[in-house]
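Structure at a glance
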Amino acid sequence: MNALLLDISNAAAIFGGEFDLNQAVAFTFFVGSMAMMGATAFFWLEMRNISAKWRTSLLVSGLITFIAAVHYYYMRDYFVASGESPTFFRYVDWLLTVPLMCVEFYLITKKVGGKIGTMWKLIFASVVMLVTGYIGEAIYGAEVQSWIWGLISGIAYFYIVYLVWAGEIAQLAKNAGGAVLSANKALAWFVLVGWAIYPVGYILGTQGGLFGMDMGVDAGFMDVVYNIGDAVNKIGFGLVIYALAVSDSE
Ligand SMILES: *C/C=C(C)/C=C/C=C(C)/C=C/C1=C(C)CCCC1(C)C
């Protein structure tokens, strides 16, 4: 409750004109947590209104936002207590939620012949992307070689982009046509555009992120960008799947 009051007074301070970046950051963690919780309730409660074959997809959508809601709750506390970016928690959150987003691609194409091996390729690439990104940001962030870790991470990212835009996932969606094809298109846009904010953030916010050049962007500012990006990516992703499930349940 104290936390809530603090956030409400933060909001008042932000909208009242005395802008304070730290308060804005804490506030976006708080709103992020609430938005993810609300989305979770929505996805799970809607499971009974759609045809049985789409329920697992909606369950996973809710798991993604639920895991994020819990992490956001902790990240807000960590940030308020230490004044530092909760990089570790953010990566733990991503390490759980991004592979689940990969599972979603498998689940929507499974009904048209999608293979479990494709799911593992996506999951493996996402783990490589995140582990190398974490090493580059948290361990070598202040050093020149952080851009090399960022590059390896970026290659894994583009492999995921390839799989969903032109590779196996895209082929399956094309064969399926109709609602699955359009849902895959929308999800692929999320991966290409929505997910791109993270490498951009890495380049701007990590000291050695761009070939060793320090772009000097404030970590707090990056937190706000990530918080907005996460909400759009995780809730938006789930809503695309919800729309597919509804259109295919009629
Ligand atoms: C809900 C959270 C999501 C969708 C997080 C996605 C994160 C990424 C796509 C991160 C990618 C990175 C690179 C491609 C290079 C630099 C390091 C990362 C980890 C920021």
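Residues numbered from 1 in each chain as written. Predicted model: local features only at pLDDT ≥ 70, side-chain atom pairs only at ≥ 80, totals over all residues. Heavy atoms only, no water.

A word on helix α8 (residues 178-194). When the terminal C-alpha atoms of α8 are compared, their 23 Å separation across 17 residues agrees well with the 24 Å that a helix rising 1.5 Å per residue should span. Those residues of α8 that fall on the buried side of the exposure criterion are Val180, Ala183, Asn184, Leu187, Ala188, Phe190, Val191 and Gly194. One side of α8 carries all its buried residues, which in axial view fall inside an arc of 165 degrees. Buried residues in α8 make contact with α4 (87-110), α6 (146-165), α7 (168-176), α9 (197-205) and α10 (219-247). (Helix = DSSP H or I, 4+ residues; strand = E, 2+ residues; numbered from the N terminus. Expected span 1.5 Å × (residues − 1). Buried < 20%, exposed > 50% of the residue type's maximum accessible area, 1.4 Å probe, protein only. Arc of directions from axis to C-beta. Contact = heavy atoms within 4.5 Å.)

Further remarks concern the environment of Trp44. Its location among the elements puts Trp44 in helix α2 (residues 21-46). Take Trp44: its relative accessible area is 32%, and that puts it in the partly exposed class. Every residue in contact with Trp44, bar those within four places of it in the chain, is listed here: Leu58, Leu59, Gly62, Leu63 and Phe66.

This part is about a nonpolar patch on the surface. The grouping of Trp44, Leu59, Phe66, Val70, Tyr73 and Tyr74 at the surface amounts to a nonpolar patch, some 580 Å² of accessible area in total. Here the nonpolar patch gets 5 residues from one element, more than from any other, and that element is helix α3 (residues 55-82). Relative to the helices and strands, Leu59 resides in helix α3. Exposure remark for Leu59: the relative accessible area of 35% places this residue in the partly exposed category. (Patch = residues over 30% accessible without salt bridge, like charges linked within 9 Å, V, L, I, M, F, W, Y side chains within 5 Å. Areas by Shrake-Rupley, 256 points an atom, 1.4 Å probe, with all protein chains shown as cover. Salt bridge = Lys/Arg side-chain N within 4 Å of Asp/Glu carboxyl O.)

Each aromatic ring pair is specified by the distance between its two centres and by the angle formed by the two planes. Enumeration according to the criterion identifies 21 aromatic pairs in this entry. Look at Trp94 and Tyr198: their rings are 4.9 Å apart centre to centre, the planes differ by 75 degrees, and that puts the pair in the edge-to-face class. A residue pair is termed long-range when its members are at least 10 positions apart, and Trp94 in helix α4 and Tyr198 in helix α9 qualify at 104 residues. Each member of the pair, Trp94 together with Tyr198, is buried. Taking 5.2 Å as the distance between ring centres and 50 degrees as the angle between the ring planes, the aromatic pair formed by Tyr157 and Phe158 counts as tilted. Phe158 sits in the exposed class, given a relative accessible area of 53%. One aromatic cluster is present, built from ring pairs that chain together Tyr73, Tyr74, Tyr78, Phe88, Phe89, Tyr91, Trp94, Tyr134, Tyr198 and Tyr226. The side chain of Lys111 reaches across the aromatic face of Trp54, ending 4.2 Å from its centre. (Phe/Tyr/Trp six-rings, centres within 6.5 Å; stacked < 30°, edge-to-face > 60°. Lys NZ or Arg CZ within 6 Å of the ring centre and 35° of its normal.)

So, about the nonpolar core. Residues Phe105, Leu122, Val191 and Trp195 are the most contacted members of the largest nonpolar core, which totals 62 residues. Looking at this core element by element, the count peaks at 11 residues for α4. Those residues in contact with Val191, other than ones at most four positions away along the chain, are Phe105, Tyr157, Ile160, Val161, Val164 and Ala196. (Core = buried A, V, L, I, M, F, W, Y, C linked by side-chain atoms within 4.5 Å.)

Our next topic: the pattern of salt bridges. Considering all chains together, one arrives at 7 salt bridges under this definition. In this structure, Arg90 and Asp223 form a salt bridge, with 3.0 Å as the shortest nitrogen-oxygen distance. Remark: Asp223 occurs in helix α10 and Arg90 occurs in helix α4; sequence separation between them is 133 residues. Residue Arg90 shares its accessibility class with Asp223, and that shared class is buried. A network of salt bridges, in which partner residues are shared, links Arg90, Asp93, Asp223, Asp230 and Lys234.

Taken together, the neighbourhood of the ligand is formed by 17 residues, with Trp94, Met129, Ser153, Tyr198 and Lys234 sitting nearest. Alone, the ligand offers 530 Å² of accessible surface; in the complex the protein occludes 99% of this. Elements that contribute at least two residues to the shell around the ligand include exactly α4, α5 (116-139), α6, α9 and α10. Split into classes, the residues belonging to the shell around the ligand amount to 10 nonpolar, 5 polar and 2 charged. (Near = heavy atom within 4 Å. Nonpolar A, V, L, I, M, F, W, Y, C, P; charged D, E, K, R; others polar.)

Keep in mind these numbers describe shape, not what the thing actually does.
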